[in-house]
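Remarks on the overall topology
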Amino acid sequence: NMGMTYADVLTYAFGEDEFTTKEVTELTGNSRPGKLLSELKFRGIVERVGHGTYRCLKIEDRPDFRKTEWNRVSRLLLNAPWPKAWTGSNAVELWTNGKYRVYPNAFAHTFDLVVLTSDHNNWVDYLKSHGISTRGSKSIGAYVELHPADKLEYVEIEGEPVISKEMTIKLIREHPGIYAGAEDLIED
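About the cut-offs
Residues numbered from 1 in each chain as written. Predicted model: local features only at pLDDT ≥ 70, side-chain atom pairs only at ≥ 80, totals over all residues. Heavy atoms only, no water. Phe/Tyr/Trp six-rings, centres within 6.5 Å; stacked < 30°, edge-to-face > 60°. Helix = DSSP H or I, 4+ residues; strand = E, 2+ residues; numbered from the N terminus. Buried < 20%, exposed > 50% of the residue type's maximum accessible area, 1.4 Å probe, protein only. Axes fitted to C-alpha atoms, helices over the stretch in contact; angles between N-to-C directions. Parallel < 35°, antiparallel > 145°, perpendicular 65-115°, else oblique. Left-handed = near helix turned anticlockwise from the far one by under 90°. Contact = heavy atoms within 4.5 Å. Core = buried A, V, L, I, M, F, W, Y, C linked by side-chain atoms within 4.5 Å.

Looking now at the packing of aromatic side chains. Evaluation of the coordinates by the stated rule reveals 7 aromatic pairs. Judged by centre distance (6.5 Å) and plane angle (25 degrees), the rings of Phe 19 and Tyr 54 are stacked. Of this pair, Phe 19 sits in strand β1 (residues 19-20) while Tyr 54 sits in strand β3 (residues 53-56), and the two are 35 residues apart along the sequence. Measuring from centroid to centroid gives 5.5 Å for Trp 82 and Tyr 126, while their planes differ by 85 degrees, and the two rings are edge-to-face. Of this pair, Trp 82 sits in the loop between α4 (66-79) and β4 (84-86) while Tyr 126 sits in helix α6 (residues 120-129), placing them 44 residues apart in sequence. For the residue pair Trp 82 and Tyr 126, the accessibility class agrees, reading buried in each case. Three or more aromatic residues joined by ring pairs form one cluster here, namely Phe 14, Phe 19 and Tyr 54.

Here's what the structure looks like:
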């Protein structure tokens, strides 16, 4: 059961019409409408049109934060202090120069990362401290699948650690249902 959000209430109550912080307090009972509206502005839900005056943005005018979030997670993974290498769909994407991508849906992105077994707990703590999920139950947003290994072999493509081309081809061949046609797109 999902409750209503302030964004839902404001969109329903005002549509695209302008409204004031006072009207938000009267409507919602929120005693800090400026803080609430500032957060909604940051999230791209409303825009400020004047002092204490706002309006809800149409869905098509709202920013798409998916790429921003996915880039944030990628940077955090690459900047972590422990050895790692892209595997799975991330390796296939790198080796095909972005021509082959696998996403569970338009609002979810899985990051597959080989890590040393000895560092696994450090990775879990690090990801948790940055609000990044390592559970497969997450159906939207970013999710990191850690693949612990006793040794780590990788090459670099454009500064990013990735499993070798041979290992990636093996992965593609082992999972034809996921990576059908990807092998033909692999670049040197």
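Here the narrative resumes, following the displayed structure.
The next thing to look at is the packing of helix α5 (residues 88-95) against helix α7 (residues 165-174). At a closest axis distance of 10 Å, the pairing of α5 and α7 adopts a crossing angle of 120 degrees. Taken together, the axes of α5 and α7 lie oblique to each other. Of the two possible hands of crossing, α5 and α7 adopt the one that is left-handed. Of α7, the residues touching α5 (which contributes Gly 88, Ala 91, Val 92 and Trp 95) are Lys 165, Thr 168, Leu 171 and Ile 172.

Within the largest apolar cluster, 35 residues are counted, with the highest numbers of intra-cluster contacts made by Leu 77, Phe 111, Trp 123 and Val 144. For this core, the secondary structure elements donating two or more residues are α4, β4, α5, β5 (108-116), α6, β6 (141-149) and α7. In terms of residues, this core owes the most to one element, β5, which gives 5 residues. Setting aside its immediate chain neighbours within four residues, Phe 111 contacts Trp 70, Val 73, Ser 74, Leu 77, Trp 86, Asn 90, Ala 142, Tyr 143, Val 144 and Glu 145. Counting residues in each nonpolar core, the second largest holds 12 residues, with Ala 7, Phe 14, Leu 37 and Val 46 among its members.

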